[in-house]
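# Observations on chain architecture
Letter by letter, the chains look like this.
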Amino acid sequence: MKVMSQILRDARKYEENMEKMISVRERPAFHLSARTGWMNDPNGFSYYDGKYHMFYQYHPYDSHWGPMHWGHAVSEDLLHWEYLPAALAPDELYDKDGCFSGSAVTLDDGRQLLMYTGVVKEHCINGETREIQTQCLAAGDGIDYEKYGKNPVIDSGDLPEGGSKYDFRDPKMWRKEDGSYCCVIGNRGADGSGQILLFTSQDGFAWKYEKVLIENGNRFGKMWECPDFFQLDGKWLLLTSPMDMLPVGFEYHNGNGTLCLIGNFDEGENTFSEQYNQSIDYGIDFYAPQTILAPDGRRIMIGWMQNWDTCNFRAQNISWFGQMSLPRELSVRGGRLYQKPIRELENLRRNKVAYEGVPVSGTVCLEGIKGRRVDMELTLRPEKEQDIYRKFAVRFAQNDKFQTSLSFHPEDSILKIDRKFSGSRRAIIHQRRSLVRSEGGKLKLRIILDRFSAEVFVNDGEHVLTAIIYTEQTADGISFLAEGTVRMDIEKYDLDI
Ligand code: FRU
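For the structure given in this document, a descriptive report is provided here.

Each value, and the rule that gives it
- Residues numbered from 1 in each chain as written.
- Predicted model: local features only at pLDDT ≥ 70, side-chain atom pairs only at ≥ 80, totals over all residues.
- Heavy atoms only, no water.
- Pairing = 2+ DSSP bridges.
- Helix = DSSP H or I, 4+ residues; strand = E, 2+ residues; numbered from the N terminus.
- Near = heavy atom within 4 Å.
- Polar contact = N/O pair within 3.5 Å; in protein donor to acceptor, adjacent residues only side chain to side chain.
- Areas by Shrake-Rupley, 256 points an atom, 1.4 Å probe, with all protein chains shown as cover.
- Nonpolar A, V, L, I, M, F, W, Y, C, P; charged D, E, K, R; others polar.
- 1 Å grid on protein atoms, 1.4 Å probe; cavity = no way out; pocket = protein on both sides within 12 Å on 5 of 7 lines; lining within 4 Å.
- Points joined across faces, edges and corners; volume = space filled by probe spheres on them.
- Domains from an automatic or database assignment.
- Axes fitted to C-alpha atoms, helices over the stretch in contact; angles between N-to-C directions.

### Description of the pairing of strand β7 (residues 129-140)
Here strand β6 (residues 112-123) pairs with β7 via 12 bridges, running antiparallel. Paired with Leu113 across the bridge in β7 is Ala139. In sequence, β6 turns back onto β7 through a hairpin of five residues, with Gly127 there showing a positive phi of about 90°. The sheet contact formed by β7 and strand β8 (residues 145-147) spans three bridges and is antiparallel. By the bridge assignment for β8, Ala138 is matched with Lys147.

If you want it as structure tokens, here you go:
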């Protein structure tokens, strides 16, 4: 193996020292967070050598975005994480300004192959800088990775006509049953909006451009970042994260969003025909998800539990920034993506408290229902079918000063998450509404709280709403409120790692 660069050695030493300054209580309990400094997108999510591997966009030296490294962690259950040394640093001429997002597969010789976007800044005569983006490889043993001598392996010469070399990033590779390799890459086409390019390879090292798998055509935002493409339940799914979205009803919100296209794929012709589209997450903080096919056949997705426009909403005095979402098991039913927290989460459940048919009218607190690391399932129905309640709300991370709420109006079927009173001092988005499916005021909510987040799975994963909260941990109250009368079943567990 080539000698490790000084830049990577420095990063590894730095993170090892700095990690010691962060106590476990300052981190989420079961969500992966930056070892130190900044984290964004999940990268190289894979199962290798008996463990799940998660790499991530990483700037160890600051809790703000900077020259991108790849951080690295491993886990046996996707909930208990162990940090490994940073895997990649921007230390070659072709990636000196950043190792951007990418993916991982296992080679026939047993090594793990990473493909990432190498970034080099170009200085224009008008004083502006632009980033040239190419695709590069590194192979390794699960801890140390050596960059390929012939990098970059895909560059502007491989682009279709009109494809931008400045927006050409985030390769997601997979292996076909015949052992060959495929990869999808985000790109900006001639119309200024996103397109997803498909490449193939026989050995993982020499890549061939195949075709434009799908064009945005300015329908969903502009550039499409972090694509993923896979088969599930008889359909093919293209996940991507569009930039610069305009809102559409309650389905898509402004700014950076998430998009799931569901359709069919003709593997002989490499043609994707789209049938359905939807957001992946309807909350505030979820972006750039990546999936893995687990050894037991489950398709599991993890996203960056953050959004670019809300990054100024942060905790004070903490030297890490950025968390990953809960791993979510995916399925497709009736043309719709369903997400459930991975079943391993149930192993963390302690102290069950359950009530059946509790009448909620006005404000109600229940004995044993509180906490900040919680798995709580609520099943709601109206007291009388002819007299549907007007509003239901659950408040959590609550004390006399703070709370975050989830409120539901059956009349228009809108579920709202609101962290305005969670302790934030910033004037940024703190609320989001989602149109959910509810008949006659019936609704199921599974709420997972970790120290700094809330993830809400509606009707067994038909909709999911995710939001970061930084409320002080002593605010651990949970209460319920209804205008009219709701009958509520509740099952609640503490989650202990
Ligand atoms: C998405 C993204 C990717 C890029 C990376 C840079 O969040 O913008 O497109 O590779 O972040 O850190």
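Back to the write-up after that little detour.
### Comments concerning unusual backbone geometry
The phi torsion of most residues other than glycine is negative, and most of the peptide bonds are trans. A cis amide bond, omega -10°, links Asn151 with the succeeding residue Pro152. If you trace the backbone, Pro152 turns up in the loop between β8 and β9 (168-175). Unusually for a residue other than glycine, Asp460 sits at a positive phi of about 55°. With respect to the helices, strands and loops of the structure, Asp460 is situated in the loop between β29 (453-458) and β30 (463-468).

### Thoughts on the site of the ligand
Around the ligand sit Asn40, Asp41, Gln57, Trp65, Met68, Phe100, Ser101, Arg169, Asp170, Glu225, Tyr287 and Trp308, and that is every residue in its neighbourhood. A distance of 3.2 Å separates an oxygen atom of the ligand from a polar atom in the backbone of Ser101. Take Asp170: an N or O atom from its side chain is 2.6 Å from an oxygen atom of the ligand. Summarising the interface, the protein chains cover 94% of the accessible area of the ligand, which totals 320 Å² for the free molecule. Mapped onto the shell around the ligand, the elements with two or more residues apiece are β1 (37-48), β5 (99-106) and β9. Tallied by class, residues from the shell around the ligand come to five nonpolar, three polar and four charged.

### Side note on empty space enclosed by the protein
A water-sized probe rolled over the atoms picks out the places where empty space is left. Counted by the stated rule, this structure contains three cavities of 30 Å³ or more. Taken as a whole, the largest cavity encloses approximately 60 Å³ of empty space. Contributing to the lining of the largest cavity are Pro42, Asn43, Ser101, Gly102, Asp170, Pro171, Lys172, Cys226, Pro227, Ala288, Pro289 and Gln290. For the lining of the largest cavity, the secondary structure elements donating two or more residues are β1, β5, β9, β13 (224-232) and β17 (287-293). The calculated volume of the second largest cavity comes to roughly 40 Å³.

### Describing the layout of surface pockets
Space inside the largest pocket adds up to approximately 760 Å³. The wall of the largest pocket is formed by 28 residues, among which Trp174, Arg175, Lys176, Leu293 and Arg299 lie closest to the centre. Mapped onto the lining of the largest pocket, the elements with two or more residues apiece are β1, β5, β9, β11 (194-201), β13 and β17. Classifying every residue of the lining of the largest pocket gives 14 nonpolar, seven polar and seven charged. What the second largest pocket holds in volume is close to 480 Å³. Contributing to the lining of the second largest pocket are 20 residues, with Arg314, Ala315, Gln316, Gly423 and Tyr470 lying nearest its centre. Of the residues belonging to the lining of the second largest pocket, the class tally is six nonpolar, seven polar and seven charged. Per-domain counts for the lining of the second largest pocket show at least three residues from each of domain 1 (6-19 + 29-341) and domain 2 (349-495).

### Some remarks on the sheet that holds strand β21 (residues 336-341)
On the basis of which strands lie adjacent, the open sheet formed by four strands has the order β17-β18-β20-β21 and antiparallel pairing. Looking at the sheet topology across the chains shown, the edges are occupied by β17 and β21. Averaged over all pairs of adjacent strands, the angle between strand axes in this sheet comes to 40°, irrespective of strand direction. Of the pairings in the sheet, the one linking β17 to strand β18 (residues 299-304) comprises five bridges and is antiparallel in character. Counterpart to Ile292 in the pairing with β18 is Ile300.

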